[in-house]
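Fold and contact review
Okay, here's what each chain looks like letter by letter:
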Amino acid sequence: MHILLSNDDGYFAPGLKALADAMKPFASKVSVMAPERDRSGASNSLTLDRPLMVRQALNGFSFVNGTPTDCVHLALSGFIDPMPDWVISGINRGANMGDDTVYSGTVAAATEGFLFGIPSLAVSLAGKEAKYFETAAKVVQDILPLLIKNIRVPVLLNLNVPDVPYEDIKGIKVVRLGRRHKAEPMIPMQNPRGETIYWIGAAGAAADAGEGTDFGAVEAGYVSLTPLQLDLTHYHALEGVSAWFS
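Residues numbered from 1 in each chain as written. Predicted model: local features only at pLDDT ≥ 70, side-chain atom pairs only at ≥ 80, totals over all residues. Heavy atoms only, no water.

1. Brief notes about the sheet that holds strand β6 (residues 120–126)
We count it as follows: Two strands are counted as paired when DSSP detects at least two bridges linking them. Think of it this way: any DSSP run of H or I at least four residues long counts as a helix, any run of E at least two long counts as a strand, and we number them from the N terminus. Where helices are involved, their axes are fitted lines through C-alpha atoms of the stretch in contact, as for all axes, and angles between N-to-C directions lie from 0 to 180°.
As summarised here, the arrangement of the 9 strands in space is β3-β4-β2-β1-β5-β6-β7-β13-β8, forming an open sheet in which the pairing is mixed. Whereas interior strands pair on both sides, the edge strands pair on one side only; in this sheet they are β3 (54–56) and β8 (172–174). Each strand of the sheet is rotated relative to its neighbour by a mean of 25 degrees, with strand direction disregarded. By the bridge criterion, 4 bridges tie strand β1 (residues 2–6) to strand β5 (residues 86–93) in an arrangement that is parallel. By the bridge assignment for β5, L5 is matched with I88.

This is the structure in structure tokens:
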């Protein structure tokens, strides 16, 4: 088995190393292609206005001066051979639940694998302190054999693991995405030249976070696993909008 790893925290991130070490028992080959720096929030952006460069770190990881999507796209469009059997992105420092998945570079890297027709998994450690990357790595080790056994077509999965010791994990729940409140207001500041600059405000608190959601599962001490889809069509609105033009 050949597994491609990426992330959005950068090739130097401890979560990526933990994931790479955890995947070695499962794969005859583990390839790593990650951004050269933290690209959190890059979503599914591709770099089209400049060329990209691929370099290799001392630990053997390849890194790119681009986005997480760039990394996986380059890897799958000719840089690595053979094509991987799985694309796994992470382990992200911080949760990617609910609305986060729209902005997440971690989820975007996995999404790119899925778009290439490869089963893909995004993995995040849901906690601000990011103490227990080994817990998330062990959870991936636990579930990967089940995924390999049961998956027959490409899927896109989003996994969030509580930031606790492995023995404190209560189990795994397959749940839907929750929702957040709107983001906090932007923060204006002045730079040393007296110009006004702006910081994007923090993400809002969880709103739709009850039983059956990813927020609810992680809060209760469970790993959340959510199958994702990319079809953005609002099917229930098709008939109504069509009526406008009839």
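2. A few points about the packing of helix α2 (residues 68–79) against helix α4 (residues 105–115)
Short version of the rule: The scheme is simple: roughly parallel for angles under 35 degrees, roughly antiparallel for over 145, roughly perpendicular for 65 to 115, oblique for anything else. Helix crossings fall into two classes, left-handed where the near helix is turned counterclockwise from the far one by less than a right angle and right-handed where it is turned clockwise. Here a residue-residue contact requires only that any non-hydrogen atoms of the pair lie within 4.5 Å. Any residue outside Ala, Val, Leu, Ile, Met, Phe, Trp, Tyr, Cys, Pro, Asp, Glu, Lys and Arg is labelled polar, Gly included; the first ten of those are nonpolar and the last four are charged.
Axis separation between α2 and α4 bottoms out at 8 Å; the angle between their running directions is 20 degrees. One finds that α2 runs roughly parallel with respect to α4. The hand of the α2/α4 crossing is right-handed. Between α2 and α4, the contacting residues are P68, T69, V72, H73 and L76 on the first element and G105, A108, A109, E112 and G113 on the second. The class makeup of the residues in the contact of α2 with α4 is 5 nonpolar, 4 polar and 1 charged.

3. Comments concerning the pattern of salt bridges
Working definition: two side chains of opposite charge can pair if their charged atoms are close together. Under the convention used in this document: Each reported salt bridge corresponds to a side-chain nitrogen of Lys or Arg within 4 Å of a carboxyl oxygen of Asp or Glu. For the exposure calls, accessible area comes from a 1.4 Å probe over protein chains only, and a residue counts as buried if that area is under 20% of its type's maximum, exposed if over 50%, partly exposed in between.
Overall, the coordinates contain 8 salt bridges when judged by the stated rule. As a salt-bridge pair, D99 and R179 come within 2.8 Å of each other at their nearest N and O atoms. Residue D99 is located in the loop between β5 and α3 (100–103), and its partner R179 is located in strand β9 (residues 179–180); the two are separated by 80 residues in the primary sequence. By relative accessible area, which is 48% here, R179 ends up partly exposed. Among the ionic pairs, R180 bridges to D100, the shortest N-O distance being 2.8 Å. In this pair, R180 sits in strand β9 while D100 sits in helix α3, placing the two residues 80 residues apart along the sequence.

4. Here's the deal with the packing of aromatic side chains
Using the following cut-off: Aromatic contacts are taken between Phe, Tyr and Trp rings whose centres are within 6.5 Å, Trp giving its six-membered ring; a plane angle under 30 degrees counts as stacked, one over 60 as edge-to-face, and the others as tilted.
Summed over all chains, the structure comprises 3 aromatic pairs. Where Y11 meets F12, the ring centres are 5.5 Å apart and the plane angle is 75 degrees; that geometry is what we call edge-to-face. Given a relative accessible area of 22%, Y11 falls into the partly exposed group. Plain terms: the ring middles of W244 and F245 are 6.4 Å apart, the flat faces sit at 45 degrees to each other, and that makes the pair tilted. For the residue pair W244 and F245, the accessibility class agrees, reading exposed in each case. Here a set of aromatic residues connected by ring pairs shows up, and it is made of Y11, F12 and F63.

5. Considerations on unusual backbone geometry
Cis peptide bonds are those with omega within 30 degrees of zero, and the linkage from D81 to P82 qualifies with 0 degrees. Along the chain, P82 falls in the loop between α2 and β5. Not every positive phi belongs to a glycine, and A130 is a case in point at roughly 50 degrees. Position of A130 among the secondary structure elements: in the loop between β6 and α5 (133–150). Note on A130: relative accessible area 9%, which makes it buried.

6. As for the side chain of S31
Rules: Whenever two N or O atoms come within 3.5 Å, that pair is a polar contact, provided that in protein one can donate a hydrogen and the other can accept it, and provided that, for residues adjacent in sequence, both atoms are side-chain atoms.
In this fold, S31 is placed in strand β2 (residues 29–35). Relative accessible area serves as the criterion here: at 9%, S31 is assigned to the buried category. A distance of 2.7 Å separates the side chain of S31 from the side chain of H2, its partner in a polar contact.

7. Considering the environment of A57
Assignment of secondary structure puts A57 in the loop between β3 and β4 (62–64). Accessibility expressed as a relative area gives 15% for A57, which makes it buried. For A57, the residues in contact, after removing those within four places along its chain, are Y11 and F63.

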